[in-house]
Amino acid sequence: MCVTIFSHTRNVFHNKTSHPLTAAKATEQPEDFVSMLRLIATSLCLRCQHAPLLLSNLRACSTLSSVENQQTVEALYELSVDIQKVRKLKGWVLHQNPAYTKEVASLLRDMGASIPIIAHILAVHPEAVLCNPEQLQAQQELWMSVCPNHRELIGIIEKFPASFFSASSHLENQRRNIAYFQSLNLNKRIITKLMASAPQSFYRPVEQNQLMVCTLQQAYTELGGDEANMRIWLQKLLSQNPFVLLKPPAVLRQNLLFLKDRGFTSSELLRLLSKLRGFVTELNPDSMCRTLAFSQETIGCSDAELREIILKCPALLYHPESTLAERLEGLLSAGIGMPQIIQTPTVLELTTQIVNYRIHCLKSRGYDVSTGSLDIINGTKKDFEMNFGKLQLRRERPLFNPVAPLKGDD
């Protein structure tokens, strides 16, 4: 291409008789002009040679081709991977070269993964085939330092493949973060869960995680938390919301200060911080102020009563007014009174669809939600099914003991 450019440019500039000014200058310094053209052509050639290097930097482990890599396609077919799904969602992977499909499948197989599981992993995360064997080996050793066995690791890879097949550039940060969390005496399962569900926190420098953990520990201590229980508290918090590590520490302090100004005591804030499961870092004073004002006006309670309701149902802090309005309207239209809602505010954590379904089930068994307790509606699906089963059993229980002898007239 460069030769063609040079030849074309040379012909254009050497045909200088077509213009009177260029024709006059053509005879003055022809050799200098040709040298200049050669310099331009050389520069273009060098740029052409560097272009593939720029493309390779975009895909560090492979180069992009205009046609599919048939070796990758055939290897995926042999593993029963849904090629059409890969083409639809991440077709660019099939154009990469080199790819290590067989090597990835072999590593997963050696860890105990079945063919269907391997096919599923490569269908949902085909980028895995772009990881070279050395990178895979390093990741396996890294994860096995906190994972008890290969079986559990395969289960994690099946659910969170992107967390395992990460870039080799993150490896050193991953090692340092694992060492840091181990130094906190956190359970290995907690560390594994953090790595799987919030891998970004392990990709960044360890100092950032140290800062957030120290902020959480300091808040726990300042609010009156017991030092002996800090490790368990921290483990539970990180397990419930791994993304808390990715939030700015200043946000946590800002939100706690806002709630303190609203009258919450230190012990209440500690209870609330635990119940919010780290979601306190998702909030901001403006949104909390609007939500609290709406809740107080709608429920019709005092500041002290509102704090008690929030301690039972922290959802009043983080759900927007529109969501709370919809749920309150659904409960009231079902015949449930506001005093019942105040007594069991956690019912506001359930969507209107779930509440309506559960009320319908209870009505079919003769249970009147307008007069009974809302505790039977509350809780998870498992909780409701257990409560509903107990209710059904009481309804069907006979009024007499069928094995007891009947008393007859003497």
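Computed from a predicted structure; not experimentally measured.

**A look at the overall build of the protein**
On a plain count of helices and strands, the protein comes out with 24 helices and 2 strands. Within the protein, buried positions represent 41% of all 410 residues. Contacts in the protein between residues far apart in sequence, at least 24 positions, make up 74% of those at least 6 positions apart. Accessible area of the protein: about 23400 Å², with a carbon and sulfur share of 56%.

**Quick notes on helix H12 (residues 188-197)**
All of the buried residues along H12 are Ile 190, Ile 191, Thr 192, Leu 194, Met 195 and Ala 196. Tucked inside the fold, the buried residues of H12 contact helix H8 (133-144), helix H9 (150-159), helix H10 (161-164), helix H11 (171-183), helix H13 (200-203) and helix H15 (230-240). N-capping of H12 is provided by Asn 187, with a side-chain oxygen placed 2.7 Å from the backbone N of Arg 189.

**A word on empty space enclosed by the protein**
Counted under the stated rule, the structure contains 1 cavity of 30 Å³ or more. There is about 40 Å³ of room inside the largest cavity. The wall of the largest cavity is formed by Arg 327, Gly 330, Leu 331, Val 347, Leu 350, Thr 351, Thr 352, Val 355 and Asn 356. When grouped by side-chain class, the residues that make up the lining of the largest cavity number 4 nonpolar, 4 polar and 1 charged.

**Focus on the side chain of Asn 209**
Residue placement: Asn 209 occurs in helix H14 (residues 206-222). Here Ser 201 takes part through its backbone oxygen, which lies 2.6 Å from a polar atom of the side chain of Asn 209. Ignoring anything within four residues of it in the chain, the contact list for Asn 209 reads Asn 177, Tyr 180, Phe 181, Ser 201, Arg 204 and Leu 245.

**Notes on the pattern of salt bridges**
On inspection of all chains with the given rule, the structure shows 8 salt bridges. The residue Lys 90 makes a salt bridge to Glu 127 at a minimum N-O spacing of 3.0 Å. Taken together, the residues span a long stretch of sequence, with Lys 90 in helix H5 (residues 83-90) and Glu 127 in the loop between helix H7 (115-124) and H8 at a distance of 37 residues. The exposure class assigned to Lys 90 is partly exposed, which follows from its relative accessible area of 22%. The residue Glu 172 makes a salt bridge to Arg 175 at a minimum N-O spacing of 3.6 Å. Residue Glu 172 and its partner Arg 175 are located together in helix H11, separated by 3 residues, close to a single helical turn.

**Description of the nonpolar core**
Core analysis: the largest hydrophobic core is formed by 106 residues, its most contacted members being Leu 108, Phe 165, Phe 181 and Ile 377. With 6 residues, the top contributor of residues to this core is H14. Ignoring anything within four residues of it in the chain, the contact list for Leu 108 reads Ala 113, Ile 118, Ile 121, Ile 154, Ile 157 and Phe 165.

**A closer look at unusual backbone geometry**
Keep in mind that most residues, glycine aside, have a negative phi and that most peptide bonds are trans. A cis geometry characterises the amide bond from Asn 97 onward to Pro 98, with omega recorded as 5°. For Pro 98, the position within the fold is in the loop between strand E2 (96-97) and helix H6 (101-110). Positive phi, normally seen in glycine, also occurs at Ser 80, with a value near 65°. One non-glycine residue, Asn 185, lies in positive phi territory at about 65°. For Asn 185, the location among the structural elements is in the loop between H11 and H12. Look at Asn 185 and you get exposed, because its relative accessible area is 54%.

**Focus: the side chain of Gln 139**
Mapped onto the fold, Gln 139 is located in helix H8. The class of Gln 139 is buried, set by a relative accessible area of 2%. With residues up to four places along the chain from it excluded, the contact list for Gln 139 reads Phe 164, Ser 166, Leu 171 and Gln 174.

**Re the confidence of the model for the protein**
For the protein, mean pLDDT is 84; residues scoring 70 or higher make up 80% of the total. When pLDDT is averaged over each helix and strand of the protein, the minimum, 40, is found for helix H2 (residues 20-25) and the maximum, 97, for H11. Per-residue pLDDT stays below 50 along residues 1-30; that stretch engages in 18 contacts with residues further than four places along the chain or on separate chains. Counting interchain partners and residues more than four positions distant, the pLDDT-below-50 stretch residues 45-61 has 7 contacts.

Cut-off values and rules
- Residues numbered from 1 in each chain as written.
- Predicted model: local features only at pLDDT ≥ 70, side-chain atom pairs only at ≥ 80, totals over all residues.
- Heavy atoms only, no water.
- Helix = DSSP H or I, 4+ residues; strand = E, 2+ residues; numbered from the N terminus.
- Buried < 20%, exposed > 50% of the residue type's maximum accessible area, 1.4 Å probe, protein only.
- Contact = heavy atoms within 4.5 Å.
- Areas by Shrake-Rupley, 256 points an atom, 1.4 Å probe, with all protein chains shown as cover.
- Polar contact = N/O pair within 3.5 Å; in protein donor to acceptor, adjacent residues only side chain to side chain.
- 1 Å grid on protein atoms, 1.4 Å probe; cavity = no way out; pocket = protein on both sides within 12 Å on 5 of 7 lines; lining within 4 Å.
- Points joined across faces, edges and corners; volume = space filled by probe spheres on them.
- Nonpolar A, V, L, I, M, F, W, Y, C, P; charged D, E, K, R; others polar.
- Salt bridge = Lys/Arg side-chain N within 4 Å of Asp/Glu carboxyl O.
- Core = buried A, V, L, I, M, F, W, Y, C linked by side-chain atoms within 4.5 Å.
- pLDDT = per-residue confidence, 0-100.

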